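# Observations on the three-dimensional arrangement
Below, each chain spelled out in residue letters.
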Amino acid sequence: MMKKIFFIFLLCILLCLTLFIPSAFAANDISVFLNGEKLDFPIQDPTIVNDRTLVPMRTIFEALGAEVDWIDESKTAIAKRDSTVIFIPINSQWMQLNEEKIQLDVPAQLINEKTMVPVRAVSEAFWCKVGWIDELRTVTIYTDVADKTSNSLSGISIDNSCRYPNFDGKYNAVYVFNNNENYFGMERIEIEDTQGEDYAEIVNHIAALLPNVQIYNLLVPTPAEFYAPENFKTNYLASFQKIYAHLLPKIIDVNAFTPLNEHLDEKLYFFTDHHWTHRGSYYAYTAFADAIGQPIDPLSTFDTANFDGYVGSWAKDGFLGDQDGIMLMEESPDYFERFLPKVAVEGMAYLDQKMEKPLKPIALINTEIAHYDTFLEGDLPLSVFKTGTKNGKKLAVIKESYGNAFTTWAVNHYEKIYVIDYRGFNQENQESFSLTEFYEQIHFDDLLVISYPISVAGDDARRAIAWLAK
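Computed from a prediction, not measured in an experiment: that's the story for all the values here.

Conventions and cut-offs
- Residues numbered from 1 in each chain as written.
- Predicted model: local features only at pLDDT ≥ 70, side-chain atom pairs only at ≥ 80, totals over all residues.
- Heavy atoms only, no water.
- Helix = DSSP H or I, 4+ residues; strand = E, 2+ residues; numbered from the N terminus.
- Buried < 20%, exposed > 50% of the residue type's maximum accessible area, 1.4 Å probe, protein only.
- Contact = heavy atoms within 4.5 Å.
- Areas by Shrake-Rupley, 256 points an atom, 1.4 Å probe, with all protein chains shown as cover.
- Pairing = 2+ DSSP bridges.
- Axes fitted to C-alpha atoms, helices over the stretch in contact; angles between N-to-C directions.
- Polar contact = N/O pair within 3.5 Å; in protein donor to acceptor, adjacent residues only side chain to side chain.
- Salt bridge = Lys/Arg side-chain N within 4 Å of Asp/Glu carboxyl O.
- Core = buried A, V, L, I, M, F, W, Y, C linked by side-chain atoms within 4.5 Å.
- Parallel < 35°, antiparallel > 145°, perpendicular 65-115°, else oblique.
- Nonpolar A, V, L, I, M, F, W, Y, C, P; charged D, E, K, R; others polar.
- pLDDT = per-residue confidence, 0-100.
- Arc of directions from axis to C-beta.

### Points about the overall build of the chain
What the chain contains, in helices and strands, is 15 helices and 26 strands. Principal-axis analysis of the C-alpha atoms gives the chain an extent of 80 × 70 × 50 Å. Each of the 470 residues in the chain was classed as buried or not, and the buried ones make up 54%. Long-range contacts, defined here as pairs at least 24 residues apart, represent 67% of the contacts in the chain between residues at least 6 apart. Carbon and sulfur atoms make up 49% of the accessible area of the chain, which totals about 21,700 Å².

### Some words on the sheet that holds strand β9 (residues 100–103)
One open sheet accounts for 5 strands, arranged β5-β6-β7-β8-β9; its pairing is antiparallel. In this open sheet, the two strands that pair with only one neighbour each are β5 (67–71) and β9. Direction aside, neighbouring strands of the sheet carry axes that sit 20 degrees apart on average. By the bridge criterion, 2 bridges tie strand β7 (residues 84–89) to strand β8 (residues 94–97) in an arrangement that is antiparallel. When the sheet's bridge partners are listed, F87 is paired in β8 with Q96.

### Things to note about helix α15 (residues 459–467)
Turn by turn, an α-helix covers 3.6 residues, leaving residues three or four places apart pointing in a common direction. Turning to α15, its buried residues number three or more, namely A461, R462, A464, I465, A466 and W467. Of the surrounding secondary structure, the elements contacted by the buried residues of α15 are β12 (129–133), α5 (193–209) and α14 (453–457).

### Comments concerning the sheet that holds strand β16 (residues 183–187)
Read from one edge of the open sheet, 3 strands run β14-β15-β16, paired in antiparallel fashion. A single partner strand is all that each edge strand has here, and the edge strands are β14 (166–171) and β16. Taken over all neighbouring pairs, the strand axes of this sheet differ in orientation by 25 degrees on average, direction set aside. By the bridge criterion, 5 bridges tie β14 to strand β15 (residues 174–178) in an arrangement that is antiparallel. Residue pairing for β15: F167 is matched across the bridge by F177.

### Notes on the environment of Y335
As for its placement among the helices and strands, Y335 is situated in strand β20 (residues 334–336). Sequence separation between Y335 and Q109 is 226 residues; the distance between their C-alpha atoms is 66 Å. Among the polar contacts made by the side chain of Y335, one reaches the side chain of N306 at a distance of 3.2 Å.

### Concerning unusual backbone geometry
Even without glycine at this site, N35 takes up a positive phi of about 50 degrees. Positionally, N35 belongs in the loop between β1 (31–34) and β2 (37–38). For N35, a relative accessible area of 37% corresponds to the partly exposed category.

### Thoughts on the pattern of salt bridges
Tallied over the entire structure, the rule returns 24 salt bridges. A salt bridge links D72 to K75; its shortest N-O distance comes to 3.1 Å. Sharing partners across several salt bridges, the network here consists of E135, D198, D459 and R462.

### Some words on the nonpolar core
Core analysis: the biggest nonpolar cluster contains 114 residues, and W276 and F288 have the highest contact counts within it. If we ignore the near neighbours within four places in the chain, the residues touching W276 are V220, L268, Y269, F270, S281, A284, Y372, Y402, A405, F406 and I450. With 29 residues, the next largest nonpolar core counts F61, A66, A79 and I90 among its residues.

### Some details on the packing of α5 against α15
Remark: α5 packs on α15, axes separated minimally by 10 Å, with the N-to-C direction vectors making an angle of 10 degrees. By the criterion of interaxial angle, the relationship of α5 to α15 is roughly parallel. Together, Q195, D198, Y199, I202 and I206 of α5 and D459, R462, I465 and A466 of α15 make up the contact between the two elements. In terms of residue class, the contact of α5 with α15 is built from 5 nonpolar, 1 polar and 3 charged.

### Considering the confidence of the model for the chain
When pLDDT is averaged along the chain, the result is 92; 94% of the residues meet or exceed 70. Below pLDDT 50 for its whole length, residues 1–27 participates in 4 contacts with residues either more than four positions away or in separate chains.

### Some points on the pairing of strand β13 (residues 138–142)
Regular strands place their side chains on alternate faces of the sheet. Of all the 5 residues making up β13, 5 are buried; the element is thus mostly covered by neighbouring parts of the structure. Across the two faces of β13 the burial is the same, with T138, T140 and Y142 and V139 and I141 all buried. Here 4 bridges tie β1 to β13, and the two strands are oriented parallel to one another. Residue pairing in the sheet places L34 in a bridge with I141 of β13. Here β12 runs beside β13; their pairing, made up of 5 bridges, is antiparallel.

### With respect to the pairing of strand β26 (residues 446–451)
With 6 of 6 residues buried, β26 is to be regarded as a mostly interior element. Residues D446, L448 and I450 of β26 are buried on one face, and the alternating residues L447, V449 and S451, pointing to the opposite face, are buried as well. Bridge analysis of strand β17 (residues 214–219) against β26 gives 6 bridges, and the strand direction is parallel. Looking across to β26, one finds that L218 is bridged to I450. Inspection of the sheet shows strand β24 (residues 394–399) paired to β26 by 4 bridges, in the parallel sense. Residue pairing for β26: L395 is matched across the bridge by D446.

### Here's the deal with the side chain of D352
Tracing the backbone shows D352 in the loop between β21 (345–350) and β22 (358–362). At a separation of 3.0 Å, a polar atom in the side chain of D352 contacts the main-chain amide nitrogen of E356. The contact partners of D352, leaving out residues within four places of it in the chain, are K357, L382, F425 and E431.

### Some words on helix α13 (residues 435–442)
Looking at α13, one finds that the buried residues are L435, F438, Y439 and I442. Take α13 and look down its axis: the buried residues cluster within an arc of 105 degrees, on one side only. The elements touched by buried residues of α13 are α5, β23 (382–387), β24 and β25 (416–421). Remark: H443 follows α13 within two positions and exhibits a positive phi of approximately 55 degrees.

Dropping the structure here:
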């Protein structure tokens with residue numbers, strides 16, 4: 001009797017486990033996009049074998065513009081396009097590209113009596129650029145894409161003359177340095193090459209989904225790149241160069257390094273806060289202004305509303321987690337600059353992409369707020385600004401908080417600005433957001449993806465950005 005009860009109990013557990021298998025394994029949900037268009041596989045879905053994606057032979061070859069043939073005697077698929085011919089036998093570790101033999105990680109094979117071929121190998125044989133977005137379980141294929149030989153960060157170097165020489169300690173993830181005058185709290189966020197490639201693939205996919213929009217990507221270094229001692233400095237320049245080199249040619253990469261590097265003796269980042277100052281964001285914006293071909297007025301021509309004695313997030317939000325570190329921050333309070341817009345601006349925040357759920361009216365720069373939330377009134381899901389710049393141009397911005405101060409300058413160049421905080425959508429208890437649907441609704445002209453290192457290195461951050469492109 002006990003054995004029977006145990007057997008029933010075990011069976012119930014197994015049945016319950018099958019109900020809670022993650023959806024990634026419960027269904028074959030792999031997507032394949034060719035130049036931003038999703039391919040349809042009506043007979044056999046793509047599948048993954050040993051971490052390689054296999055797709056139905058005829059569908060992929062015909063999508064790539066190749067003629068398909070089959071030799072039944074040798075069980076070999078043949079694809080021809082122009083002067084390129086591929087021979088790919090079933091269950092062979094090799095395929096032949098014209099006269100060259102190429103080893104495969106996974107052979108072509110029959111699945112449900114359908115010939116399945118490795119999508120990366122056959123696509124690259126036809127000179128396509130192939131990527132994988134793990135957050136979307138999506139293969140991306142781009143035809144006729146030449147490798148970039150240079151980007152906006154090529155050939156530049158960093159001025160080391162303003163580094164803070166003395167290390168005071170690490171408090172949680174915050175490194176504190178001093179130059180015998182001020183204490184300076186800094187983040188050191190490491191970016192792995194695979195993380196950078198994944199981020200670039202996501203931006204590429206966004207660009208492919210929006211063929212009528214000019215896409216810009218601006219990567220923001222933290223102060224450790226310029227101000228940390230030599231043995232603590234970051235290497236964002238090399239990481240960002242690799243990311244920019246991986247972007248599609250249609251994406252304009254923006255070099256924020258050079259204008260920041262040229263003004264290191266000015267107040268570009270807060271000592272006590274993990275953000276850049278309004279001044280720092282201005283210099284980065286000058287690079288974006290150059291990219292869109294619309295120069296911005298000199299900083300000295302803007303009216304200001306400044307205050308002194310600011311102690312920011314390092315001390316206020318528990319980042320340091322140690323009273324000694326907080327005391328160091330309190331010894332170096334910041335001077336907080338705010339440069340006011342020259343044009344009239346009206347703002348409204350929304351919870352949803354259709355803008356049917358207003359949150360509250362917002363100011364571009366709320367001078368009643370004495371901290372970083374003064375810019376755009378903080379991190380809201382969707383912020384919309386109508387400006388006095390009457391040129392009909394519309395800008396969409398995908399951002400985290402570094403984008404708040406930055407976006408305030410865009411009112412000088414766009415009539416309408418739509419600021420999308422990727423952390424405000426597509427999560428539990430949040431509204432959904434689709435960039436393609438939003439474009440059909442708004443028809444914005446330009447899209448800027450502005451990211452500081454956590455948006456690149458953070459798995460959750462990349463996933464949230466990717467989900468905007470579902």
